[in-house]
Amino acid sequence: MTTPAPLLSVRGLTKSFGGAVAVSDVSFDVAAGESVGLIGPNGAGKTTVCSCIFGQMRPDAGSVRFCGRELGRLATWRRARLGIGRTYQRVEVFPEMTVRDHLLVALRVRHHDARLWRDLLGRSAPRADELARVEEVLEIVGLSEVAEVPAAALGLGTCRLVELARAIVAEPRLLLADEPSSGLDEHETRELAAVLGTLQATRGMAVLLVEHDVFLVDAVVDRAIVMDLGRVIASGTFGEVMAEPAVRRAYLGVP
Amino acid sequence: MTPPVLELDAVSAAYGPYRALFGVSVTVLEGATVALLGSNGAGKSTVARVASGLVPVTAGRVLAGGVDVTGKPAWRIARAGIAHVPEGRGVFSTLSVEENLVLSLRRRAGPRALRHSLEQAYLRFPALAERRHARAGTLSGGQQRLLSLAKVLVVPRKLLIADELSLGLAPHVVDDVYRALGDVQRAGTALLIVEQSIDRVLSIATSAVVLDHGSVAYAGPATEAADVVAHVLAPRGRPQGADGAMPAEPRVPRGRGWRRSQTT
Amino acid sequence: MEQLLGFAVPGVPYGCAYAVFAVGLVLTYRATGVFNFGFGAQAYASAFVFTWLVEDHAWPTWGAFVLAVVVLGPGLGLVFDRFLFRRIASTNTTAKIVTGLSLLVGIPALLPMVFGNANLVGAPSIMFNPNTVYVHLGADVPVNGMYLSAAILTVAMLVLLVLLLQTTTLGLEMRAAVESRRLLELEGVNAQRVTATAWAVSGLMAGLAGVLLAPTEATIQAPDYITLMVAAIAAAACAALRSMPIAAVAGVLIGVVSLVAQGYLPTSSVWYSAVLPALPFIVLVAALWVVPGLRHLDEATDPLSSVDPPPPPPVARVRGREIDRVVRTGWWLVLGAFAISMLTWIPRAWETVLNQGMAYSVIFLSITLLTGIAGQLSLAQATLAGVAAFTAGQLAMHAGLNFLAGGALGVLAAAAVAMLLALSSLRLRGLGLALMTLAAALLFDTAIFPAQSVSGGTGGLSIASSWLGLPLLAPDGHAYFVLALCVLALCAAGVTMVQRGTIGRFLSAMRGSEIGAAGIGVNLPWQRVLVFALSGALAGVGGTLLAIQQTVIAPGQFNYQLSLAFVVIVVTAGVGTVEGAIQAGIGLVVIQELLQYAPQRLQGLTFVLFAIGALTYSAHPEGIVELEKRRWTARAERALARLRSEPAPATASGRS
Ligand SMILES: Nc1ncnc2c1ncn2[C@@H]1O[C@H](COP(=O)(O)OP(=O)(O)OP(=O)(O)O)[C@@H](O)[C@H]1O
Ligand SMILES: Nc1ncnc2c1ncn2[C@@H]1O[C@H](COP(=O)(O)OP(=O)(O)OP(=O)(O)O)[C@@H](O)[C@H]1O
Ligand SMILES: [Mg+2]
Ligand SMILES: [Mg+2]
């Protein structure tokens, strides 16, 4: 009886900052095409978990396996090329670049063809298939109208969508989405949920969703993991975890 | 009758060549709570920034308590009792949590009451008390947000402008924040709130302003705003910037380099 | 023990000088966010004015002190704030560093123009009499007034400044203003005044340091103050630009250790001749490697930067079609006219000058690539040019290679050095990287270039035209011009293509957000190494061209001051476009040549002019060339629009 190896497997992840433990002994799996919610109160360690998975922080202990491969001390850019995409809680867009260029660059990197000679011979203009793919994603996320606007001229909510589009254009197998809905209102959040659902269904993209918007989590995730003070305190379907007293106490503040 | 705490009179504003507001009028009466709604890129943050003097107006007037403060530096407007919690990170990440609080409470509360209001802040938001000597930049996103709200929620002012009020806060912290808002509201502070959870903000608001593409689409009682919002936002519900984000005179880069084959 | 003390105590005043400057640097950095390379120059100005008033104009010491320290010091600081740093966005690290450098380059050149005589002697002391022995340590280690003044000054300054920054509200506001002036304004604080105060305090400290340290040197010379700055920078780096006490201790130690080492090391050893003078740079490099705080400099970004409109796109990309066509045709015409004129009527003297300008342009292109496109700041571009030039020269002398083969090897050598530099500073960015490259440039200046086997000693390496293999290139033919023009055109085209291609996009992503770029899979370390190598190669090409043109190459042509000046010149002219580099290169030599006709006193004017360029630059970080282009394009567009709206039927039909 062999169950297929999970896409992402986190075991015993621990990270502390000068004595203060931010994440302690966190273990969970994400299967291919599955979407998992990572929720918990402020300062629970959710962003830290994402950063450890993506190699932007070095965990003190524990292992992260992706596609059956131990990631160890692999650099962030290598993890990205393995098929992990991420959006950030504090937006990290390229201010002077237009929205379309954001996606074109992300697509180029994915197919890692930056060759000096090609640039020097002027043979690196975007190909038709790349442009088509970019248009498609812009349409999905709803950014077509601002495609030629530099990111520095966009509001916070739009910047988040740019980040999301940049992350999904390269078709990652796993998307780490850190509070994608913050800055979006209810209608927009609903659309975001639809976008994530479509991607999951059509492209088999797994999502690890860190979110405080209960509606979005409920709409998107198959399974939820609740963290508090750096530990996993519950996991199961969204309905199940929300029914647990410990979760209600820590997260919703109901005694 | 006392003059409104804040009055934007047909204000237009732009970021360089990018125009964001077109003749927007917003009035916040004393002690009132105004919800500022609108879709992505509608200009909510720009209204907040204009009110606190961060973005200069290109036309129209800004009045604070009946006094014309158009073109005044932000610190003068802040001293007139208008507090602005910007969207995103609103703390000094290189200073400690306590230093952040001191910086903002000292002027309001005076040196004597400083200790007291610090204690109050920690009492209200215990998450901050644990980290009082940590550098604010090492707090989690939500904790930073909480800190920037704690700075203004402890001592009442004339007007509190909160941009994306509950952004990044966990549900029970949002409750705490709304409770604190209720307190300052009772103490006579007028509120101008931008908030993603529309129902929640409309439940405490006395009136609402709905923005669309940089102009006012609705201004009136909060009770009727929900309908308007559904009407204005739902059909589009998409980030747009068509008129808002386009430069005054279209200066869209022409085909060159990476853009050359765009048309092919 | 006695002997050790005997060597160590004389090191104290030097150490204290380093310490005072290091503390001043750290203070300025923490209170204003600017790493003020001009601190030494400010101190020099105060010392100069003080001595000049007392010695040449017989002012009373106290009067001169008031004017030079209490008025001039803070005054200079306020002027810098008002006209330069206030206008720079707090997130623009490059602009802050470059503007600081422009002060370092500009002030020492300006002073002699204002006051004439550059070297004053016999600065008066305002504390203890420097030559009176006050105490004896042990049997025969005399402690004279100079040592006492230095030690007391250092300690007093340290205590005062630490108190100011850590315990007062003003200090708190200063630290906050560094991160975000606008967020501070939202607290109801007049951030402009806070920053101005910080600059005034920093200026006062610079003036005080300058005047009190003046008597330790026999004469007051700008180079002394700059050397002092280098050691001070090393000490400040040891403290990660954060802790003033550590900076002070490190400064004192550098001073004392170097004098003790001087005492114990045999004068004939390599340690004495090469390593000892390089001690501060070695300390600097070591600090940059091991002090973790230096990796996170300037990481705190302004949370309110989203209030600023985006920088305007390059004019060449957004101007109207008609204007674009006219401009492009115009450029080709100018190029053709230039080539024909050079080959026909331009006098030999001017042809030489313009040839040199083209060689500089190639070096400057390396800065365009590195700083403009990749957002990395290197202060060692002249050094890299020198590496190529000396390699090519030596290969010609000893292996008989002609300029093509030797030059190619030289270019490779420069690229290799640049790559090494990039590899050794992978974890640094912004200011940290700038300091690392500065240290490298200084190391080459003191330890490598002066060596007989590299540059042929002080006389320099003389390159006879015969070794070129092509006597054609002898200075009195046009062949050099043709060669330079071709090389420049190739390099400019290459840089443009890289800028427009995939690599250019990756680099621009990296410039925008390193976290974001790594997150989509851009191999940041490799991009860095690659762009450094390319830029080193370009600088090498330029250096070799320059060497052929000059026929004698000496270390002075490639020293670190030139590196600094190059960066200031290119960045103020316009670092985002290839035209900026070329116009800077030609402009530099033309201005220098024109100044030959100016009175002797104004010889330093070139650098002053470019430092004045910093005034425009601070408000327009895209550079003067780009700014003027935008202005003229806007004018032309307006004129065009007016022309169109005119109901002149002839033109209307002609256009449609
Ligand atoms: N660089 C750091 N240095 C010190 N402590 C840190 C650092 N980064 C995070 N922490 C601490 O680790 C804990 C977890 O932070 P994290 O950002 O992962 O929280 P989070 O679950 O994402 O919270 P939020 O919902 O507010 O975003 C917090 O208490 C935070 O203060
Ligand atoms: N710094 C800027 N430079 C140029 N244009 C800007 C800038 N900031 C915002 N804009 C533009 O101004 C318009 C209004 O933006 P604003 O940030 O006020 O919207 P918002 O309603 O707050 O949106 P969000 O919900 O995304 O925060 C948008 O079209 C946006 O693209
Ligand atoms: Mg988080
Ligand atoms: Mg907003």
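The rules behind the values
Residues numbered from 1 in each chain as written. Chains lettered and ligands numbered in written order. Predicted model: local features only at pLDDT ≥ 70, side-chain atom pairs only at ≥ 80, totals over all residues. Heavy atoms only, no water. Helix = DSSP H or I, 4+ residues; strand = E, 2+ residues; numbered from the N terminus. Buried < 20%, exposed > 50% of the residue type's maximum accessible area, 1.4 Å probe, protein only. Donors = N, O, S within 2.8 Å, 3.2 Å for Na, K, Ca; no water. Near = heavy atom within 4 Å. Polar contact = N/O pair within 3.5 Å; in protein donor to acceptor, adjacent residues only side chain to side chain. Areas by Shrake-Rupley, 256 points an atom, 1.4 Å probe, with all protein chains shown as cover. Contact = heavy atoms within 4.5 Å. Buried area = accessible area lost by both parts, 1.4 Å probe. Salt bridge = Lys/Arg side-chain N within 4 Å of Asp/Glu carboxyl O. Pairing = 2+ DSSP bridges. Axes fitted to C-alpha atoms, helices over the stretch in contact; angles between N-to-C directions. Expected span 1.5 Å × (residues − 1). Phe/Tyr/Trp six-rings, centres within 6.5 Å; stacked < 30°, edge-to-face > 60°. Lys NZ or Arg CZ within 6 Å of the ring centre and 35° of its normal. 1 Å grid on protein atoms, 1.4 Å probe; cavity = no way out; pocket = protein on both sides within 12 Å on 5 of 7 lines; lining within 4 Å. Points joined across faces, edges and corners; volume = space filled by probe spheres on them. Nonpolar A, V, L, I, M, F, W, Y, C, P; charged D, E, K, R; others polar. pLDDT = per-residue confidence, 0-100. Parallel < 35°, antiparallel > 145°, perpendicular 65-115°, else oblique. Left-handed = near helix turned anticlockwise from the far one by under 90°. Core = buried A, V, L, I, M, F, W, Y, C linked by side-chain atoms within 4.5 Å. Domains from an automatic or database assignment.

### Quick notes on the environment of A:Leu175
Residues and elements named next belong to chain A. Of note, Leu175 is situated in strand β7 (residues 174–178). Under the relative-accessibility criterion, Leu175 is labelled buried at 0%. Note: C-alpha distance between Leu175 and Ala206 (31 residues apart in sequence) is 6.2 Å.

### Comments concerning the coordination of the magnesium ion (ligand 4)
Of the protein atoms, only B:Ser45 (OG) and B:Glu87 (OE) coordinate the magnesium ion (ligand 4), at distances of 1.8 to 2.4 Å. Remark: B:Glu87 occurs in the loop between β6 (82–85) and α3 (97–124) and B:Ser45 occurs in helix α1 (residues 44–51); sequence separation between them is 42 residues.

### Some words on the coordination of the magnesium ion (ligand 3)
Residue and element names in this part refer to chain A. Taken together, Thr47 (OG1) and Gln89 (OE1) make up the full set of protein donors to the magnesium ion (ligand 3), lying 1.9 to 2.2 Å away. With Thr47 in helix α1 (residues 46–53) and Gln89 in the loop between β6 (84–87) and α3 (99–110), this residue pair connects regions lying 42 residues apart in the sequence. For Thr47, a relative accessible area of 25% translates into the label partly exposed. Accessibility expressed as a relative area gives 17% for Gln89, which makes it buried.

### As for the site of ligand 2
Every one of the 29 residues lining ligand 2 counts as a neighbour, but A:Ala153, B:Asn40, B:Ser45, B:Thr46 and C:Ser306 are closest to it. Ligand 2 is flanked by residues contributed from chains A, B and C. One of the side-chain nitrogen or oxygen atoms of B:Glu87 is found 3.2 Å away from an oxygen atom of ligand 2. Protein coverage of the free-state accessible area of ligand 2, which is 630 Å², stands at 99%. Among the secondary structure elements, those contributing two or more residues to the shell around ligand 2 are α6 (156–169) of chain A together with β2 (18–28), α1 and α9 (242–245) of chain B.

### Let's talk about the interface of chain C and chain A
Contact residues are listed per partner, giving 30 residues for chain C and 33 residues for chain A. Regarding the contact of chain C and chain A, the summed buried area is about 2,400 Å², with carbon and sulfur atoms giving 67% of it. Taken together, chain C and chain A are joined by two salt bridges. The shortest N-O distance in the salt bridge between C:Arg511 and A:Glu96 comes to 3.7 Å. The tally of links from chain C across to chain A stands at nine residue pairs in polar contact (both at pLDDT 80 or more).

### Re the sheet that holds β2(B)
Residue and element names in this part refer to chain B. Read from one edge of the open sheet, four strands run β2-β1-β4-β5, paired in antiparallel fashion. Edge positions in the sheet fall to β2 and β5 (67–68), since each of these pairs with one other strand and no more. Note that strand β4 (residues 57–64) and β5 share two bridges and pair antiparallel. From the neighbouring strand, Leu63 faces β5, where its bridge partner is Asp68. Seen against the sheet, α1 touches β1 (6–15), β2 and β4 and runs at an angle of roughly 115° to β1.

### Quick look at helix α8 (residues 191–213) of chain C
Helical geometry note: an α-helix holds 3.6 residues per turn, so side chains three or four residues apart project in the same direction. Relative to the 33 Å expected for 23 residues at 1.5 Å per residue, α8(C) spans 33 Å between its end C-alpha atoms, a close match to the ideal helical length. Among the 23 residues that make up α8(C), 18 are buried, leaving the element largely enclosed by the rest of the structure.

### Remarks on the interface of chain A and chain B
It is common to report an interface's size as the accessible area lost on association of the parts. In this complex, chain A contributes 47 residues to the contact, which on the side of chain B involves 42 residues. With both sides pooled, the region where chain A packs onto chain B buries about 3,500 Å², and carbon together with sulfur makes up 54% of that total. The interface formed by chain A and chain B includes zero salt bridges. Connecting chain A to chain B are nine residue pairs in polar contact (both at pLDDT 80 or more). It is α3(A) that contributes the most residues to the side of chain A that touches chain B, five residues altogether.

### Digging into the sheet that holds strand β3 (residues 33–38) of chain B
All names here are of chain B. One open sheet accounts for six strands, arranged β6-β7-β8-β3-β9-β10; its pairing is mixed. Two strands lie at the open edges of the sheet, namely β6 and β10 (215–221), each paired on one side alone. The mean angle between the axes of side-by-side strands here comes to 15°, regardless of whether they run parallel or antiparallel. Direction of pairing for strand β9 (residues 207–212) relative to β10: antiparallel, over a ladder of six bridges.

### Thoughts on the packing of aromatic side chains
On inspection of all chains with the given rule, the structure shows 13 aromatic pairs over all chains. Within the aromatic cluster, the residues linked to one another by ring pairs are C:Phe390, C:Phe444, C:Phe449 and C:Phe558. A cation sits over an aromatic face here: B:Arg200 above B:Tyr178, 4.4 Å from the ring centre. Its guanidinium or amino end placed over the ring of C:Phe83, C:Arg82 lies 5.4 Å from that ring's centre, counting from NZ or CZ.

### Brief notes about the layout of surface pockets
All names here are of chain C. Of the volumes computed, that of the second largest pocket is approximately 570 Å³. Along the wall of the second largest pocket there are 25 residues; nearest its centre are Tyr18, Thr227, Leu228, Pro277 and Pro280. Elements represented by at least two residues in the lining of the second largest pocket include exactly α1 (2–32), α9 (222–238), α10 (244–264), α12 (279–290), α18 (431–448) and α24 (560–574). Its residues assigned to classes, the lining of the second largest pocket comprises 17 nonpolar, six polar and two charged.

### Side note on the confidence of the model for chain B
When pLDDT drops low, the exact placement of atoms in the prediction is not to be read closely. When pLDDT is averaged along chain B, the result is 84, and 86% of the positions lie at 70 or above. Ignoring residues within four places in sequence, the model shows residues 235–264 of chain B, a span with pLDDT below 50, making 88 contacts including any to other chains.

### Quick word on the side chain of A:Arg108
Residues and elements named next belong to chain A. Topologically, Arg108 is positioned in helix α3. For Arg108, a relative accessible area of 3% gives the class buried. Only 3.0 Å separates the side chain of Arg108 from the side chain of Glu130, close enough to count as a polar contact.

### Description of the site of ligand 1
Contacts to ligand 1 come from 19 residues, most closely from A:Thr47, A:Thr48, B:Arg131, B:Ser140 and B:Gly142. Those chains with residues close to ligand 1 are chains A and B. A:His212 places a polar side-chain atom, nitrogen or oxygen, 2.9 Å from an oxygen atom of ligand 1. For ligand 1, whose free accessible area comes to 630 Å², the fraction covered by protein is 85%. Considered class by class, the residues forming the shell around ligand 1 number four nonpolar, twelve polar and three charged.

### Side note on the side chain of C:Ser202
With respect to the element layout, C:Ser202 can be found in helix α8. Since its relative accessible area comes to 1%, C:Ser202 is described here as buried.

### Things to note about the packing of helix α5 (residues 128–141) of chain A against α6(A)
Residue and element names in this part refer to chain A. Two elements in contact, α5 and α6, have axes separated by 10 Å at closest approach and are oriented at 140°. Put simply, α5 runs oblique to α6. You can see that α5 and α6 cross each other, and the crossing is right-handed. Where α5 approaches α6, its residues Arg133, Val137 and Val141 are matched on the opposing element by Leu161, Ala165, Ile168 and Val169. Taken together, the residues that form the contact of α5 with α6 break down as six nonpolar, no polar and one charged.

### Observations regarding the nonpolar core
Ranked by size, the top nonpolar core spans 338 residues in total, and within it B:Leu153, C:Phe21, C:Phe37 and C:Phe364 carry the most contacts. Looking at this core element by element, the count peaks at 13 residues for helix α15 (residues 348–373) of chain C. Listed in part, the 30 residues of the second largest apolar core include A:Leu7, A:Ile53, A:Ile84 and A:Leu176.

### Looking at the domain arrangement of chain C
All names here are of chain C. For chain C, the domain assignment lists domain 1 (2–296) and domain 2 (346–559). Distance from the C-alpha centre of domain 1 to the C-alpha centre of domain 2: 33 Å. The interface is formed by 21 residues belonging to domain 1 together with 19 residues belonging to domain 2. Interface of domain 1 and domain 2: buried area, both sides summed, is about 1,700 Å²; carbon and sulfur atoms make up 82% of it. Applying the counting rule to domain 1 against domain 2 returns zero salt bridges.

### Structural notes on the confidence of the model for chain C
All names here are of chain C. The predicted model of chain C averages 84 in pLDDT, with 91% of residues at 70 or higher. Considering only residues more than four positions removed or in separate chains, one finds that residues 648–656, a stretch of pLDDT under 50, has three contacts. Interface confidence in the predicted complex, given as ipTM, is 0.93; pTM for the same model is 0.91.

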